[in-house]
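Topology and contacts: notes
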Amino acid sequence: MSTVPVDEQTILEAKELRDQFQRFLREYEFGMREVETKISILRDEFTHHHAYNPIEHVKSRVKSPDSIVEKIARKGIEEPDFDRIRAEITDIAGVRVTCSFVADVYRLFDLLTAQDDVTVRVVKDYIANPKANGYKSLHAIIEVPVFLSTGALLVPVEVQFRTIAMDFWASLEHKIYYKFSNQVPAHLVESLADAAEAAAELDTRMERLHREAHGVPQRQLAPPPPPHIVQV
């Protein structure tokens, strides 16, 4: 096996690029943790003061380097640098909040985005306007400040709100599409759409039962129009 000599300067440049990328990802990790803290506080406040927890569970992740590279390729970003990636890819940090009911989804969205240091960049309401395949969820890209030793930095974080039924359906749909490498047979696509309708009906029935059992009056819970709404 032949070897290619590498000079010391090339090694130093590679290490510097690695360090820059690690610092870049840490910014998103810190932003994700800020959002997690806000959601945790809301959950604890509801539990202790309202004797009710609207949050079933929370998951979070920062995209891996491979996932970021793949998204750069899909979006056709030429000659990407860190500033370009920050501007073009807004879901590097993600938090998923699973709630009991649709009303809780909008309630948590309202409470989180009403905070003074949270800026809403984009909202995609797939609950009010489901995707063609039946997917339902409320997606929001928000910005939160992260205070580093070098100063404050605004970090975008994608937050997804969905019910237990929506989360179960989305998880199953993802596994099926992965199994078939996105070439899903037509009869399974139809079955998934039917299952999405059944999940929506279950959400409605369970929330109605919850209201009747706890004497919660029916009211309109749709969120106020955020600064920038994109429906896809």
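In case you missed it, the structure is sitting above this.
Everything quoted here is computed from the prediction, not taken from an experiment.

Moving on to the pairing of strand E4 (residues 138-148). Counting buried residues in E4 gives nine out of eleven residues, a clear majority hidden from the surface. As judged from the six bridges shared by strand E3 (residues 119-125) and E4, these two strands associate in the antiparallel manner. Its bridge partner being in E4, Lys124 is matched across the sheet by His139. Connecting E4 to the next strand, strand E5 (residues 151-163), in antiparallel fashion are two residues.

Here we take up the side chain of Gln160. In this fold, Gln160 is placed in strand E5. At a separation of 3.4 Å, a polar atom in the side chain of Gln160 contacts the side chain of Arg96. Sequence-distant contacts of Gln160, defined by excluding residues within four places in its chain, comprise Val95, Arg96, Val97, Tyr135, Ser137, Leu138 and His139.

Another aspect to go through is the pairing of E5. Looking at chain direction, strand E2 (residues 93-99) and E5 are connected through six bridges and run parallel. Each residue of the ladder has a partner; that of Val95, found in E5, is Val159. Pairing geometry for E4 and E5, over eleven bridges, is antiparallel. Each residue of the ladder has a partner; that of Val146, found in E5, is Leu153.

Further remarks concern helix H2 (residues 65-75). Among the residues making up H2, those that are buried are Ile68, Lys71 and Ile72. The arc that holds the buried residues of H2, viewed along the axis, is 105°, so those residues lie on one side. Looking at H2, the residues exposed on the side facing more than 90 degrees away from the buried face are Asp66, Val69, Ala73 and Arg74. Gly76 occupies a position one or two residues after H2 and carries a positive phi of about 65°.

For the rest of this paragraph, the subject is the sheet that holds E4. The five strands are arranged E1-E2-E5-E4-E3 in an open sheet whose pairing can be described as mixed. Looking at the sheet topology across the chains shown, the edges are occupied by strand E1 (55-62) and E3. When the angles between neighbouring strand axes are averaged without regard to direction, this sheet yields 25°.

Another point: the nonpolar core. Core analysis: the biggest nonpolar cluster contains 39 residues, and Ile142, Val157 and Phe161 have the highest contact counts within it. Mapped by element, the contributors of at least two residues to this core are helix H1 (8-49), H2, helix H3 (82-88), E2, helix H4 (102-113), E3, E4 and E5. Sorting elements by how many residues they give to this core places H1 first, with seven residues. With sequence-adjacent residues up to four places away left out, Phe161 is seen in contact with Val97, Val105, Leu108, Phe109, Leu112, Ile127, Ser137 and Leu138.

Rules used throughout
Residues numbered from 1 in each chain as written. Predicted model: local features only at pLDDT ≥ 70, side-chain atom pairs only at ≥ 80, totals over all residues. Heavy atoms only, no water. Buried < 20%, exposed > 50% of the residue type's maximum accessible area, 1.4 Å probe, protein only. Helix = DSSP H or I, 4+ residues; strand = E, 2+ residues; numbered from the N terminus. Pairing = 2+ DSSP bridges. Polar contact = N/O pair within 3.5 Å; in protein donor to acceptor, adjacent residues only side chain to side chain. Contact = heavy atoms within 4.5 Å. Arc of directions from axis to C-beta. Axes fitted to C-alpha atoms, helices over the stretch in contact; angles between N-to-C directions. Core = buried A, V, L, I, M, F, W, Y, C linked by side-chain atoms within 4.5 Å.

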